[in-house]
Amino acid sequence: MKILVTGGSGYIGSVTTELLCNDGHEVTVFDNLERGHREAVDPRARLIVGDLRSPDGIRDAMQSVKPDAVVHFAAYALVGESMQEPHLYFENNVGGGLNLLDAMQRTGVKKIIFSSTCATYGEPDVVPMTEVLPQRPTNPYGESKLMLETVLRWAQERSGIQPVFLRYFNACGATEKYGEDHEPETHLIPNVLKVALGQTPAVSVFGDDYPTPDGTCIRDYIHIVDLARAHILALEKDVTGAFNLGTGTGFSVQEVIATCRAVTGHEIPVKISPRRPGDPPRLVAGADKARAELGWQPQFADLRTIVQHAWNWHQAHPHGYGTK
Ligand code: UDP
């Protein structure tokens, strides 16, 4: 297939592009390189540098590629930043998405796999979380993703667009080539591994008084290769609608740190810090729908393997891609 990947220089986009290329697909990455890395774009893919906020660039790219489908990652993805500057999230994530949809409709492209998030659910009343839970985001990031889901659902209703919403839980891990390099880094596993690399003295644990067995938040950590595989399955199958992507098993912040200690052999001191605003105590996926309808089965559900892969990548790239 000919696939247009927006945001293919970011963490999840780079690995999905790598796997698509491995499978022999013809991939074009459309990316503004603002928060991603040129080095993270698989050299087998064509790169078009452009910004979704300007309609002409994506229109021209869509016309020249005429893809069979679009995989849409390009977006801002920092919850904290979205609370500080909501308009950035609506402008880029929603406005950019509208320009992408317009370009698809002009070119007659129907299928879009959209990188969505469990943040669209907000604080769930029950876990594991299935796709039928109400979507009540608690921050502009989650809201912006939900808004584009809504836009795409209406485009399906009114003009035959075929959207698939992949709602990720906590993406982590790496391939040999591509891994996680954000500036600033806010995610737990890379922040813990920075301590093991000697780059920071201790990792902050944001709250140890949550209503969980050890008092720290529980999350569902899903390997980036498993996430990427789900996109490819969604492209190959005749499906639409929403799918949660997680392993169905939750680990606490303390359990993640303990696993990082075991993998790295480093003592990893912790600093108990105040809660981070907006962190729900427990987010765990009910991913039976993805298993049943996509035939998706996470291969790296073991946290130790996930951390080992992340550690391998961070040791090989102690300063990330080294370009920012
Ligand atoms: N967390 C932490 N210290 C960090 C980064 C994250 O204690 O340096 C906690 C965070 O409060 C949350 C969990 O680890 O409970 C996962 O956070 P992350 O930012 O990785 O993902 P999120 O669940 O927010 O998408």
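Per chain, residues are indexed from 1 in the order of the written sequence. Residues qualify for local features only when their pLDDT is at least 70, as the model is predicted, and side-chain atom pairs are given and counted only at 80 or more; totals for whole chains, interfaces and linings, by contrast, use all residues. Side-chain figures throughout are based on the complete set of non-hydrogen atoms in the structure, without hydrogens or water.

Trainee: What is the right way to look at the sheet that holds strand 2 (residues 26-31) in this model?
Mentor: What holds strands together in a sheet is hydrogen bonding between their backbones, with the strands either parallel or antiparallel. If DSSP finds at least two bridges between two strands, the strands pair. Put simply, DSSP marks the helices as runs of H or I at least four residues long and the strands as runs of E at least two long, and each gets a number from the N terminus on. In space, the 7 strands of this open sheet follow the order 3-2-1-4-5-6-11, with parallel pairing throughout. The strands lining the two open edges of the sheet, one partner per strand, are strand 3 (46-49) and strand 11 (241-245). With direction set aside, neighbouring strand axes in the sheet form an average angle of 20°. With 4 bridges connecting them, strand 4 (residues 69-72) and strand 5 (residues 111-117) associate as parallel partners. Each bridged residue has a counterpart across the sheet, and for Ala69 the counterpart in strand 5 is Lys111. Any pair of residues with heavy atoms lying within 4.5 Å of one another is described as a contacting pair. Interaxial angle, 0 to 180 degrees, is taken between N-to-C directions of lines fitted to C-alpha atoms, where a helix line uses only the stretch in contact. The sheet contacts of helix 4 (residues 86-107) involve strand 1 (2-6), strand 4 and strand 5, and relative to strand 4 the element is tilted by about 175°.

Trainee: Explanation requested: the packing of helix 2 (residues 55-65) against helix 4 in the structure shown.
Mentor: A packed helix pair is summarised by two numbers, namely the angle formed by the two axes and the spacing between the axes. In contact at an axis separation of 9 Å, helix 2 and helix 4 are set at 35° when each is read in the N-to-C sense. Of the two possible hands of crossing, helix 2 and helix 4 adopt the one that is right-handed. Side by side, helix 2 and helix 4 meet where Pro55, Ile58, Arg59, Met62 and Gln63 of the first sit next to Asn99, Leu100, Asp102, Ala103, Met104, Arg106 and Thr107 of the second. Across the contact of helix 2 with helix 4, the residue classes break down as 6 nonpolar, 3 polar and 3 charged. Working rule for handedness: look at the near helix, and if it is turned counterclockwise from the far one by less than a right angle, call the crossing left-handed; if clockwise, right-handed. Ten residue types, Ala, Val, Leu, Ile, Met, Phe, Trp, Tyr, Cys and Pro, are classed as nonpolar, four, Asp, Glu, Lys and Arg, as charged, and the remainder, Gly among them, as polar.

Trainee: Looking at this structure, how should I read the packing of aromatic side chains?
Mentor: Aromatic rings in a pair are described by how distant their centres are and how their planes are angled relative to each other. Aromatic pairs are defined between Phe, Tyr and Trp rings, using the six-membered ring for Trp, whenever the two ring centres lie within 6.5 Å; interplanar angles under 30 degrees are classed as stacked, those over 60 as edge-to-face, and all others as tilted. Applying the stated criterion across every chain yields a total of 4 aromatic pairs. When the centroid spacing of 5.6 Å and the interplanar angle of 55° are considered together, the rings of Tyr76 and Tyr89 count as tilted. Of the two residues, Tyr76 sits in the loop between strand 4 and helix 3 (79-84) while Tyr89 sits in helix 4, which places them 13 residues apart along the sequence. On the basis of relative accessibility, which here comes to 5%, the residue Tyr76 falls in the buried class. Measuring from ring centre to ring centre gives 6.4 Å for Tyr89 and Tyr141, while their planes differ by 85°; the resulting arrangement is edge-to-face. Residue Tyr89 is located in helix 4, and its partner Tyr141 is located in helix 5 (residues 140-159); the two are separated by 52 residues in the primary sequence. Residue Tyr89 shares its accessibility class with Tyr141, and that shared class is buried. An aromatic cluster is built from Tyr76, Tyr89 and Tyr141, whose rings are joined through pairwise contacts. Across the ring face of Tyr76, the terminal group of Arg35 is positioned such that the distance to the ring centre comes to 3.9 Å. Exposure is judged per residue with a 1.4 Å probe applied to protein chains only, and the accessible area is read against the type maximum: over 50% gives exposed, under 20% gives buried, and values in between give partly exposed. Geometrically, a lysine NZ or arginine CZ counts as sitting over a ring once it is within 6 Å of the ring centre and also within 35 degrees of the ring normal.

Trainee: What exactly am I supposed to notice about the pattern of salt bridges here?
Mentor: Side chains bearing opposite charge may pair, as long as their charged atoms lie close to each other. The term salt bridge refers to a pairing of a side-chain nitrogen on Lys or Arg with a carboxyl oxygen on Asp or Glu at a separation within 4 Å. Within the structure shown, the criterion is met by 15 salt bridges. With its nearest N and O atoms 2.9 Å apart, the salt bridge here joins Arg44 to Asp42. Exposure remark for Asp42: the relative accessible area of 1% places this residue in the buried category. For the salt bridge of Arg59 with Asp102, the shortest nitrogen-to-oxygen distance reads 3.5 Å. In this pair, Arg59 sits in helix 2 while Asp102 sits in helix 4, placing the two residues 43 residues apart along the sequence. Note on Arg59: relative accessible area 26%, which makes it partly exposed. By relative accessible area, which is 26% here, Asp102 ends up partly exposed. Salt bridges sharing common partners tie together Glu34, Arg35, Asp51, Arg53 and Glu81.

Trainee: For this particular structure, what's the right way to read the side chain of Asp220?
Mentor: As for its placement among the helices and strands, Asp220 is situated in the loop between strand 9 (218-219) and strand 10 (221-223). A polar side-chain atom of Asp220 sits 2.9 Å from the main-chain amide nitrogen of Gly248. Beyond its immediate chain neighbours, meaning those up to four positions away, Asp220 contacts Phe169, Asn170, Gly246, Thr247, Gly248, Thr249, Leu283, Val284 and Ala285. Any pair of nitrogen or oxygen atoms within 3.5 Å is treated as a polar contact; in protein, a donor-acceptor pairing is required on top of that, and neighbouring residues in sequence qualify only through side-chain atoms on both sides.

Don't take any of this as a statement about function, it's just geometry.
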